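# Close look at the chain arrangement
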Amino acid sequence: AQTVTQSQPEMSVQEAETVTLSCTYDTSESDYYLFWYKQPPSRQMILVIRQEAYKQQNATENRFSVNFQKAAKSFSLKISDSQLGDAAMYFCASAYGNKLVFGAGTILRVKS
Amino acid sequence: EAGVAQSPRYKIIEKRQSVAFWCNPISGHATLYWYQQILGQGPKLLIQFQNNGVVDDSQLPKDRFSAERLKGVDSTLKIQPAKLEDSAVYLCASSLVGATNEKLFFGSGTQLSVL
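Residues numbered from 1 in each chain as written. Chains lettered and ligands numbered in written order. Predicted model: local features only at pLDDT ≥ 70, side-chain atom pairs only at ≥ 80, totals over all residues. Heavy atoms only, no water.

## Notes on the packing of aromatic side chains
Summed over all chains, the structure comprises 13 aromatic pairs over all chains. Judged by centre distance (6.3 Å) and plane angle (80 degrees), the rings of Phe 68 of chain A and Phe 75 of chain A are edge-to-face. On the basis of relative accessible area, Phe 68 of chain A is assigned to the buried category, the value being 8%. Take Phe 75 of chain A: its relative accessible area is 0%, and that puts it in the buried class. Summarising the aromatic geometry, the rings of Phe 102 of chain A and Phe 106 of chain B are spaced 6.5 Å apart at their centres and angled 70 degrees between planes, so their arrangement reads as edge-to-face. With Phe 102 of chain A in strand 11 (residues 99-102) and Phe 106 of chain B in strand 10 (residues 105-106), this residue pair bridges two chains. Accessibility expressed as a relative area gives 8% for Phe 102 of chain A, which makes it buried. On the basis of relative accessibility, which here comes to 1%, the residue Phe 106 of chain B falls in the buried class. Three or more aromatic residues link up through ring pairs in this structure, and these residues are Phe 35, Tyr 37, Phe 91 and Phe 102 of chain A together with Tyr 33, Tyr 35 and Phe 106 of chain B. (Phe/Tyr/Trp six-rings, centres within 6.5 Å; stacked < 30°, edge-to-face > 60°. Buried < 20%, exposed > 50% of the residue type's maximum accessible area, 1.4 Å probe, protein only. Helix = DSSP H or I, 4+ residues; strand = E, 2+ residues; numbered from the N terminus.)

Structure, rendered in structure tokens:
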């Protein structure tokens, strides 16, 4: 069974600064995918970034990047130049065989 | 492009009553998902449809929950009778073909409060 753990219930960052959200996962599979989803107060979840486990290169999407450590089963999200619009709940998720499992989420607060 | 539509946005009922949620996925998306998100937890998959067939309903409490996907498009999730622990946000999502690496498109969910 897949499990995803987000150990930080809440994080804060100053506007324009950088913040890193942690995620660890457990799977016995060799081929899987990892995702970060953002859920703003509107509740509509939006994909932020995804990573294929077989790719060693860390995924990057504009101000969002990941640090994927396969051996450690760690998948952290770095948000650079934080903006007020980044304030939301962030969910880490892993997918194998059409099953997508989410962590409990991290609330990100952005201070102006 | 229209997104995933869900209704109602909020619903308050008393325990033992029944309730239904509706979802209209993005046009052309073959796969539809219903997730339950309890406060403080991540979304948990209840049921996954591929067109109008069920792919996974292993976590659906079948004694009280039921779901159908009409003609492989719209979907309805029903709870009968509701329990206090069913209070949650019910999210509908869709994807083009249901591949493991695919991006899911989510609706804004229905927040259910069972009193």
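## Quick look at the environment of Thr 110 of chain B
Residue position: Thr 110 of chain B is located in strand 11 (residues 110-114). If sequence neighbours within four positions are ignored, Thr 110 of chain B has contacts with Arg 43 of chain A together with Gln 6, Ser 7, Pro 8, Arg 9, Phe 21, Ala 88, Val 89 and Tyr 90 of chain B. From its side chain, Thr 110 of chain B meets the backbone oxygen of Pro 8 of chain B in a polar contact 2.5 Å long. (Contact = heavy atoms within 4.5 Å. Polar contact = N/O pair within 3.5 Å; in protein donor to acceptor, adjacent residues only side chain to side chain.)

## Comments concerning unusual backbone geometry
Residues and elements named next belong to chain B. The step from Ser 7 to Pro 8 runs through a cis peptide bond, and the omega angle for that step is -10 degrees. Summarising the element assignment, Pro 8 is placed in the loop between strand 1 (5-7) and strand 2 (10-13). Pro 81 follows Gln 80 through a cis peptide bond whose omega is -10 degrees. Relative to the assigned elements, Pro 81 resides in the loop between strand 8 (75-79) and strand 9 (88-95).

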